Amino acid sequence: MDVPDSTTVSPKFNFTDADVTFKSADGVLFHVHRKNLEVCTEGFPPAEISVTAGEISDLLETAETLELLFQFMYPERHPALDTTPFEILHPLAEAAEKYQVFPAMNICHIRLRDMVHEHPVEVAVYAAKHDYPYLVSQVAPMMLSMPPVDVIGMLPGYLVLPWIRYVQEWTQVHQTVALKFRHQNGTAYHFNGQPCNANSWLGYSFTCIERLAPGVHTLQSLDDVFHNDIPVYNSQYGRQSYECCRADLQAWRKRIEDAIAEIPKFHTFL
Ligand SMILES: [Zn+2]
């Protein structure tokens, strides 16, 4: 990758009447107007950086980030960011929050929300750090299907304990509601206490248990767990065996869904 030398100037932000100059972490200069920064942001320039006319202030962000960020401070059509890859969007979103560049904060947050499926943990960390509680809670269930060590490795310390507590709630539902079924001496009973009259409930139960067994993440794909591709278990009764057990399968699923609905949202653990 080319590293620009210190004399490189952003072609877009090179105003001759500029009264402040910033230098990106990779050495690109941005000549901009103080009044635009003041109008569009709450924290730019940051208090710890002294901005004196004629002097260059160093920033920690790259030129790629600043080039986008400064566009949000000028009266022009702002970048839509709809095709911006995560690798560019994420540092931009962090910079927008850090300097409180309001127009950029809003669109970055919306775009990151659209990327929760690809980058759940990064979005969760961003959302928790910058106080978007609904977004933290929206992302959290998606993190359940990731290896726990990976999730905890990516979370900042203050989110680890809330995360463990949250997973514990899901584990509780998994073990005490999802993986629970009745049988006695090899006879499977429906949840209403009646033995299965087609003697096929044991087969259905085992199929569902087998699909639920891999872990709490299976609770997020109940369509797959209770998919009616479950084979007919008793040829003597044929299709009737499914009819006998169908109501109980539906009720089983409903119990799980109700229990999941009771799990507190992740942001309540923060
Ligand atoms: Zn049955």
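Located above this text is the structure these notes cover.
Residues numbered from 1 in each chain as written. Predicted model: local features only at pLDDT ≥ 70, side-chain atom pairs only at ≥ 80, totals over all residues. Heavy atoms only, no water.

### Considerations on the overall build of the chain
A tally of regular secondary structure across the chain gives 11 helices and six strands. The globule rule puts the C-alpha radius of gyration for 270 residues at 18 Å, and the 27 Å found for the chain is more than 25% above it. Taking the principal axes of the C-alpha coordinates as reference, the chain spans close to 90 × 30 × 30 Å. Here the chain holds 270 residues, and 46% of them are scored as buried. Considering only contacts within the chain whose residues lie at least 6 apart along the sequence, 60% involve residues at least 24 apart. On the chain, roughly 14500 Å² of surface is accessible, and the fraction owed to carbon and sulfur atoms is 52%. The average position of the 19 basic charges and that of the 33 acidic charges among the side chains of the chain differ by 11 Å. (Helix = DSSP H or I, 4+ residues; strand = E, 2+ residues; numbered from the N terminus. Rg over C-alpha atoms; globule rule 2.2 N^0.38 Å. Buried < 20%, exposed > 50% of the residue type's maximum accessible area, 1.4 Å probe, protein only. Contact = heavy atoms within 4.5 Å. Areas by Shrake-Rupley, 256 points an atom, 1.4 Å probe, with all protein chains shown as cover. Lys, Arg positive; Asp, Glu negative; His and termini not counted. Charge placed at Lys NZ, Arg CZ, Asp CG, Glu CD.)

### Let's talk about the side chain of S24
Inspection of the secondary structure puts S24 in the loop between β2 (20-23) and β3 (29-32). Polar contacts involving the side chain of S24 include one to the side chain of D26, which spans 2.6 Å. Non-local contacts of S24, meaning those with residues more than four positions away in its chain, are made with F30, L59, E61, T62, A63 and L66. (Polar contact = N/O pair within 3.5 Å; in protein donor to acceptor, adjacent residues only side chain to side chain.)

### What to know about the packing of aromatic side chains
Taken as a whole and judged by the stated rule, the model has 15 aromatic pairs. Plain terms: the ring middles of F30 and F70 are 5.4 Å apart, the flat faces sit at 40 degrees to each other, and that makes the pair tilted. With F30 in strand β3 and F70 in helix α2 (residues 63-71), this pair connects stretches of sequence that are 40 residues apart. In this pair, the class of F30 matches that of F70, namely buried. These aromatic residues form a ring-pair network of at least three members: F13, F15, F22, F30, F70 and Y74. Positioned over the ring face of F191 is R255, at 3.5 Å from the centre of the ring. (Phe/Tyr/Trp six-rings, centres within 6.5 Å; stacked < 30°, edge-to-face > 60°. Lys NZ or Arg CZ within 6 Å of the ring centre and 35° of its normal.)

### What about the pairing of β3?
Across the two faces of β3 the burial is the same, with L29 and H31 and F30 and V32 all buried. Pairing between strand β1 (residues 9-14) and β3: two bridges, direction parallel. If you follow N14 over to β3, its bridge partner there is H31. The turn linking β2 back onto β3 is made up of five residues, and G27 within it adopts a positive phi angle of 85 degrees. (Pairing = 2+ DSSP bridges.)

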